[in-house]
Structure formats: C-alpha cells, structure tokens
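Survey of secondary and tertiary structure
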Amino acid sequence: MIVVTTDSVAGHRIDAVLGEVIGLTVRARDWGSSMSIGFSALGGGEVPGMTALLFESRQEVMRRLVADAEQRGANAVLAMRLETTDIGGAWTQLTAYGTAAYLVPIPAGEPGATGQSAYAAAQPDAPKPRGQV
C-alpha cells in the first residue's frame, strides 16, 4: 500500500478514485499517567509518556486507514493527513484520512515513466488497469 501526502505519485497513473478513507482512535489518559506527564512537563523537554502514547496511536490510525483503503480495493492512499485533537484534557483523538485510489505504474518508454515505475510495471504482479487481468 502506497500512502503519500501528495495528490499523485510520480510514475503512476490514477486508474480509479475510490473515495475518502479514515483511521481514528481516541485514547484516554489515566489519572496516574496524567500526573506523571504533568510533572515531567514542568521540567521542560520531551514528555516520554505522551510521546509513546501518540506514537502508538499514530501506528493504530495508519493501520485502520490502510485497512479501510484495502476494503475499497485501493492500492494507495493519496493526500493523507494526520490530525490530533485534545478532548476535554483527558482524551486525545488522532485521525488519519485521505483519498483511496488505485494506481498503475507507468511502463518504461511511456510519458511520465520513472525508473521505479518502469521496474514496478515489469514485475509479474504489477497492478493492472482496473477491468484488465
């Protein structure tokens, strides 16, 4: 699965746009960890507990985003964005969203081809235009 923040992928044609996809999680902080995070923040610098929570949450929303795209038959997510929102000071919402698409690598010799797309197009399992076998 290709996931990019751009609207296109060099060397690939967008064969189908399959709609918006999303991955979402809301994480609650328990009272003890909130206190620990608060005390860590007083000293300045990184807050390891919050960093770990957000990293884990980001991995989860990306897995959910990819699963949503795969269910639609996509092999890529374009224009992916990631947002965090604090909810009431006790929860953190993380959302990843983008556009599910089906990309086809452009073969060597065709306009727009790149070295990477030419290599990918030459592979036996390369994505084919939708409707072709």
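Our subject in this report is the structure included herewith. Keep in mind it's a predicted model, so treat the numbers as computed, not measured.

Concerning helix H2 (residues 48-71)
An ideal rise of 1.5 Å per residue puts 34 Å on 24 residues; H2 measures up with 35 Å between its terminal C-alpha atoms. Residues of H2 that are buried include every one of Met 50, Leu 53, Ser 57, Glu 60, Val 61, Met 62, Leu 65, Val 66, Asp 68 and Ala 69, and no others. The positive-phi residue at the C-terminal boundary of H2 is Gly 73, with phi of around 90 degrees.

Some words on the sheet that holds strand E4 (residues 91-105)
Across the sheet, four strands lie side by side as E1-E3-E4-E2; this open sheet has mixed pairing. Two strands lie at the open edges of the sheet, namely strand E1 (2-3) and strand E2 (12-28), each paired on one side alone. Two elements, E2 and E4, share 15 bridges in a ladder whose sense is antiparallel. Among the inter-strand pairings, Gly 23 is bridged to a residue of E4, identified as Ala 96. Packing of H2 onto the sheet brings it into contact with E1, E2, strand E3 (76-87) and E4, and relative to E2 it is tilted by some 140 degrees.

Rules of the game
Residues numbered from 1 in each chain as written. Predicted model: local features only at pLDDT ≥ 70, side-chain atom pairs only at ≥ 80, totals over all residues. Heavy atoms only, no water. Helix = DSSP H or I, 4+ residues; strand = E, 2+ residues; numbered from the N terminus. Expected span 1.5 Å × (residues − 1). Buried < 20%, exposed > 50% of the residue type's maximum accessible area, 1.4 Å probe, protein only. Pairing = 2+ DSSP bridges. Contact = heavy atoms within 4.5 Å. Axes fitted to C-alpha atoms, helices over the stretch in contact; angles between N-to-C directions.

So far we have only geometry, and geometry alone does not tell us how the molecule works.
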